[in-house]
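Listed below are the residues making up each chain.
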Amino acid sequence: AVLPQVLLGLGFATLTPMRGLPAVELLAAGVRMAGVLVQAGPLRSRALVVVGDGSPSSSGTADAPILLHDCFVRVYAERTAPQPAVATTMLWVRADHVVVDHAWLWRGGR
């Protein structure tokens, strides 16, 4: 049996995509993400966090759902940043059997 994978941010680790790709892709049943801050980078990302790819193999199941707990996703850049932070979508859920518990999605302007 395959054990569930866990992405756990200790002290709210910050993940920032620098090349316009997602910072996190969750593509397996039973995977869990908790305590993570995802922040948009200088190149536009289509999505910052992607859950599933639309295929049944990337979805959770009733026995092994995909879980996101205490996840913070933001599109924001400090006034002193050399470039604005950009992303089209913060959280893109393309899977079945996904539980999102306490998500903070924030878009701030300059």
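Quick note: structure is the one above.
What you see is a predicted model, and the numbers here were worked out from it, not measured in a lab.

Caption draft 1: Representation of the overall build of the protein within the structure. Scanning the protein for helices and strands turns up 0 helices and 7 strands. Counting from the amino terminus, helix and strand elements in the protein follow one another as β-β-β-β-β-β-β. Over its C-alpha atoms the protein spans a radius of gyration of 14 Å, differing by no more than 12% from the 13 Å that the globule rule assigns to 110 residues. Projected onto the principal axes, the alpha-carbon positions of the protein cover approximately 50 × 30 × 20 Å. For the protein, with 110 residues in total, the buried portion stands at 36%.

Caption draft 2: Quick look at the sheet that holds strand β6 (residues 87–93). An order of β2-β4-β6 is seen for the 3 strands of this open sheet, with the pairing classed as parallel. The open sheet has two edge strands, β2 (24–26) and β6, and neither has a second partner. With direction set aside, neighbouring strand axes in the sheet form an average angle of 25°. With 3 bridges joining them, β2 and strand β4 (residues 45–51) adopt parallel strand pairing. Bridge assignment links Leu-26 to a residue of β4, and that residue is Val-51.

Caption draft 3: Up close: the packing of aromatic side chains. Using the criterion set out here, one finds 3 aromatic pairs in the structure. When the ring of Tyr-76 is compared with that of Trp-106, the centres are 5.0 Å apart and the planes differ by 40°; the resulting orientation is tilted. Of this pair, Tyr-76 sits in the loop between β5 (66–75) and β6 while Trp-106 sits in strand β7 (residues 98–107), placing them 30 residues apart in sequence. With a relative accessible area of 32%, Trp-106 lands in the partly exposed category. The structure contains a cluster of three or more aromatic residues connected by ring pairs, namely Phe-72, Tyr-76, Trp-104 and Trp-106.

Caption draft 4: Representation of the sheet that holds strand β1 (residues 6–15). The sheet built from 4 strands is open, its strands ordered β1-β3-β5-β7 with parallel pairing. In the strand order of this sheet, the two ends are held by β1 and β7, each with one partner. The average undirected angle you get between the axes of adjacent strands in this sheet is 15°. In this sheet, β7 lies alongside β5 in parallel orientation, the contact comprising 9 bridges. Its bridge partner being in β7, Leu-67 is matched across the sheet by Val-99.

Caption draft 5: Here's a closer look at the environment of Leu-105. With respect to the secondary-structure elements, Leu-105 resides in strand β7. A sequence separation of 34 residues divides Leu-105 from Cys-71, and the C-alpha atoms of the two residues are 8.4 Å apart.

Definitions and limits used
Residues numbered from 1 in each chain as written. Predicted model: local features only at pLDDT ≥ 70, side-chain atom pairs only at ≥ 80, totals over all residues. Heavy atoms only, no water. Helix = DSSP H or I, 4+ residues; strand = E, 2+ residues; numbered from the N terminus. Rg over C-alpha atoms; globule rule 2.2 N^0.38 Å. Buried < 20%, exposed > 50% of the residue type's maximum accessible area, 1.4 Å probe, protein only. Pairing = 2+ DSSP bridges. Axes fitted to C-alpha atoms, helices over the stretch in contact; angles between N-to-C directions. Phe/Tyr/Trp six-rings, centres within 6.5 Å; stacked < 30°, edge-to-face > 60°.

Shape is all these values report; function is a separate question.
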